[in-house]
Amino acid sequence: MAFQTPVSVEEILTAIHRKEYLLPAIQREFVWNPDQIRRLFDSLMRGYPIGSFLLWKVGPETATKYTFYDFLTDYHERDNPYAAKATVPTGSGIIAVLDGQQRLTALNIAIYGSHAEKRKYAWWSSADAFPKKRLYLNLQKEADANELGLRYDLRFLTDQEAQPKDGEPDRWYRVGAVLGLADAGPALYGELTHRNLDMSSPDCYQRLYDLYKAVRVQKPINYFLEQTQDSDKVLDIFVRVNSGGTTLSYSDLLLSMATNQWLHLDAREEVRKLVQELNTGGARAFSFSKDVVLKTALMVAGVDLRFQVSNFTESNMRKVEDSWGTTRAALTRAAALLDTFGFTARTLTAASVVVPLAYYLAYRELTDNYLTSGADAKDRFAVRQWVTRSLVKRGIWGSGLDSLLGRIRQAIDMNGADGFPAAEIEKEMAALGKSLSFDPTEIDELLELKYASPRTFPVLALLYPGLDLSKEFHEDHIFPRVRFRRKQLRDAGIGEDLLEKYEACTDLLPNLQLLGGVPNVEKRAKLPAEWLPTAFATDAEQETYERDNDLISLPADMGGFLSFFEERKARMRKRLTGALGVSVVD
């Protein structure tokens, strides 16, 4: 392996578009954001080094044994976030990129392609939520001082945004258009003249020339070329060179092995699609990873759960492929079940909880009917309580995950034929030092949880299990937050000596409840005693609501808040004691 003759950006991108350079399946997806692309291009134009690259010369015979992917050109966060699978003609060899994929893809998008990410606050399903943008260079002036430290004003703009306003010079130059310039002299001056920029700034020509030189003249692509056909050696090289920077997920590497061993399906494509479906398919958003999906696939297939190369044997991967349909259906239903429990990406504090849940659904061959069937309501409640308690308890889903999942799988295999074996699962968990029992100190800690804390939702769901969390529920302040501003407190007659105490209690658990989305909007800044009579048709309904949510003896104004806070805290402590099985509480 040795350094080869450097090439220009134009030369290597031309080769990429001739399909001479491809990505091996062990490469991760493209993960750079627009700012990273801008920084890379700014470095190129300033003549800075952009690092070396590592390429692998794959012979025709070796190429038939592996899966390769094309480079991504037009990135779309929703519709086209992944590179497409490449077709390597029989008898042809290729050059595979082992190190430098992110940089080369960034250059390809900047020059040949586009970038479309979701606008802030836009709906994921909206047609105009992902504006197509291309990289443009401001020929008229340098970048303003910014956190990226750019010299050149490089921005991703829509073509419409790049158009000049009436009477203004055409200052935004699409970076990819530099490939169409005939030369570095008259062609550049002609471009500036056409844009009415030739006399506006003496630096316009220099900026356009810096772009031309960075793409077409300079040769910044320095690379090593590995020619061995020993796949084990190449795999070792790949792991070593990718150990720094943005760490390669081990599941990415193992997925490449599965991809090469599955007979009928593309493992990486299947996992990709399932991850996207799980995270965008329900009413609420999740953030499940490939690791979670791959771990579930191993669990359902009944093989060793460890992420080790030695475990990804041909026979094990055949089992995983054979059970993939079951895995996919079970994970989809498990995510839907967590959705009905009211969890979201923020409140599901440990994504790994979906793995045993999916295994249970697969083991019992449960269908979509399980999600809503009245006959299964009791079983779903048992699942919900176990899931919630495991998320409330610290340290359950951290270290020792493979051993924990193995024990849970064993408990379900032996006791789960007729229903969710919560007691047997908890016994196996306790044997690993992951007991779901709680002590009084932990109860005190939970009562100090704050608004929007990841564990606040599961604790409130555990405290008040009668809520139909399949509907949208918000964490709501019983006494509205706006009422705790010092001016409002003074206006309400609260003494100066109590202001800090009021403020300290504002966001704590005893002042929080789970409230439906629509009622929460209607409630707004109203005091509870003012809002409750308007929210229920009868006094009996209001009394039931107050009793079920520990809202007994609500004061009419802020003056009685601290007494109510302490009384509700005591009632919540009693509820948690029962729900979590604590025998003695101070």
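Residues numbered from 1 in each chain as written. Predicted model: local features only at pLDDT ≥ 70, side-chain atom pairs only at ≥ 80, totals over all residues. Heavy atoms only, no water.

1. Quick word on the overall build of the protein
Counting its regular elements, the protein contains 24 helices and 13 strands. When the backbone C-alpha atoms are referred to their principal axes, the protein occupies close to 85 × 65 × 40 Å. Counting over 586 residues, the protein shows a buried share of 51%. Of the contacts made within the protein by residues no fewer than 6 positions apart, 74% connect residues no fewer than 24 positions apart. About 27100 Å² of surface is accessible on the protein, with carbon and sulfur atoms providing 49% of the total. If the 73 positive side-chain charges of the protein are averaged to one point and the 80 negative ones to another, these points end up 1 Å apart. (Helix = DSSP H or I, 4+ residues; strand = E, 2+ residues; numbered from the N terminus. Buried < 20%, exposed > 50% of the residue type's maximum accessible area, 1.4 Å probe, protein only. Contact = heavy atoms within 4.5 Å. Areas by Shrake-Rupley, 256 points an atom, 1.4 Å probe, with all protein chains shown as cover. Lys, Arg positive; Asp, Glu negative; His and termini not counted. Charge placed at Lys NZ, Arg CZ, Asp CG, Glu CD.)

2. Side note on the sheet that holds strand 10 (residues 172-174)
Here we have 3 strands laid out as an open sheet, ordered 9-8-10, and antiparallel in their pairing. Of all the strands in the sheet, the pair left with one neighbour each is strand 9 (152-157) and strand 10. In this sheet, adjacent strand axes meet at a mean angle of 35° when their direction is disregarded. The strands that helix 2 (residues 34-45) touches are strand 8 (134-142) and strand 9; relative to strand 9, the one it contacts most, it runs at about 145°. (Pairing = 2+ DSSP bridges. Axes fitted to C-alpha atoms, helices over the stretch in contact; angles between N-to-C directions.)

3. Quick look at the pattern of salt bridges
One pass over the structure, following the stated rule, counts 37 salt bridges. Residue Arg575 pairs with Asp550 through a salt bridge whose shortest N-O separation is 2.7 Å. Here the residue Arg575 occupies a position in helix 24 (residues 561-580), and Asp550 occupies one in the loop between helix 23 (539-548) and helix 24, the gap between them amounting to 25 residues. Each of Asp170, Glu191 and Arg195 takes part in one network of salt bridges that share partners. (Salt bridge = Lys/Arg side-chain N within 4 Å of Asp/Glu carboxyl O.)

4. Quick word on the confidence of the model for the protein
Summarising the model, the protein shows a mean pLDDT of 88, and 91% of its residues fall at 70 or more. Element-level pLDDT for the protein is lowest in helix 21 (residues 517-523), with a mean of 54, against a maximum mean of 98 in helix 13 (residues 354-363). (pLDDT = per-residue confidence, 0-100.)

5. Quick look at unusual backbone geometry
In the Ramachandran plot, Glu365 falls in the positive-phi region, its phi being about 55° despite a non-glycine side chain. Turning to its location among the elements, Glu365 is positioned in the loop between helix 13 and helix 14 (377-392). The phi dihedral of Ala452 is positive, around 70°, even though this residue is not glycine. If you trace the backbone, Ala452 turns up in the loop between helix 17 (440-447) and helix 18 (456-463). In this structure Ala452 comes out as partly exposed when scored by relative accessible area, which is 38%.

6. Quick notes on the packing of aromatic side chains
One pass over the full model with this rule turns up 19 aromatic pairs. Here Phe484 and Tyr502 contribute two aromatic rings whose centre-to-centre distance is 6.4 Å and whose plane-to-plane angle is 45°, an arrangement assigned as tilted. Residue Phe484 is located in the loop between strand 12 (473-477) and helix 19 (486-491), and its partner Tyr502 is located in helix 20 (residues 499-505); the two are separated by 18 residues in the primary sequence. Since its relative accessible area comes to 1%, Tyr502 is described here as buried. These aromatic residues form a ring-pair network of at least three members: Phe479, Phe484, Tyr502, Phe561, Phe564 and Phe565. (Phe/Tyr/Trp six-rings, centres within 6.5 Å; stacked < 30°, edge-to-face > 60°.)

7. Thoughts on the packing of helix 10 (residues 290-301) against helix 12 (residues 324-340)
For any two helices packed against each other, one specifies the inter-axial angle together with the distance between the axes. As a packed pair, helix 10 and helix 12 sit with axes 9 Å apart at the nearest point and diverge in direction by 125°. Here helix 10 is positioned oblique relative to helix 12, judged by the angle of their axes. Regarding helix 10 and helix 12, the two cross each other, and that crossing is right-handed. In this structure, helix 10 contributes Val293, Thr296, Ala297 and Val300 to the contact, and helix 12 contributes Trp324, Thr326, Thr327 and Leu331. A per-class count over the contact of helix 10 with helix 12 returns 5 nonpolar, 3 polar and no charged. (Parallel < 35°, antiparallel > 145°, perpendicular 65-115°, else oblique. Left-handed = near helix turned anticlockwise from the far one by under 90°. Nonpolar A, V, L, I, M, F, W, Y, C, P; charged D, E, K, R; others polar.)

8. Considering helix 24
Compared with an ideal rise of 1.5 Å per residue, which puts 20 residues at 28 Å, helix 24 spans 27 Å between its outermost C-alpha atoms and is within 8% of the ideal. Residues of helix 24 that are buried include every one of Phe561, Leu562, Phe564, Phe565, Arg568, Lys569, Met572, Leu576, Thr577 and Leu580, and no others. In the segment just after helix 24, Gly581 is the residue with positive phi, at about 75°. (Expected span 1.5 Å × (residues − 1).)

9. Concerning helix 12
Here helix 12 spans 24 Å end to end across 17 residues, near enough to the 24 Å set by a 1.5 Å rise per residue. Where helix 12 is concerned, the buried positions are Trp324, Thr327, Ala330, Leu331, Arg333, Ala334, Ala335, Leu337, Leu338 and Asp339. Against helix 9 (267-280), helix 10, helix 11 (314-322), helix 13 and helix 14 lie the buried residues of helix 12. In the segment just after helix 12, Gly342 is the residue with positive phi, at about 90°.

10. Considerations on the side chain of Arg103
Tracing the chain through its elements places Arg103 in helix 4 (residues 101-111). Residue classification places Arg103 among the buried positions, given a relative accessible area of 14%. A polar side-chain atom of Arg103 sits 3.5 Å from the main-chain carbonyl oxygen of Gly51. (Polar contact = N/O pair within 3.5 Å; in protein donor to acceptor, adjacent residues only side chain to side chain.)

11. Brief notes about the pairing of strand 8
Bridge count for strand 8 against strand 9 is 5 bridges, and the pairing is antiparallel. Across the sheet, the residue bridging to Leu135 is Phe156, located in strand 9. Across 3 bridges, strand 8 lies against strand 10 in antiparallel orientation. Each bridged residue has a counterpart across the sheet, and for Asn138 the counterpart in strand 10 is Trp172.

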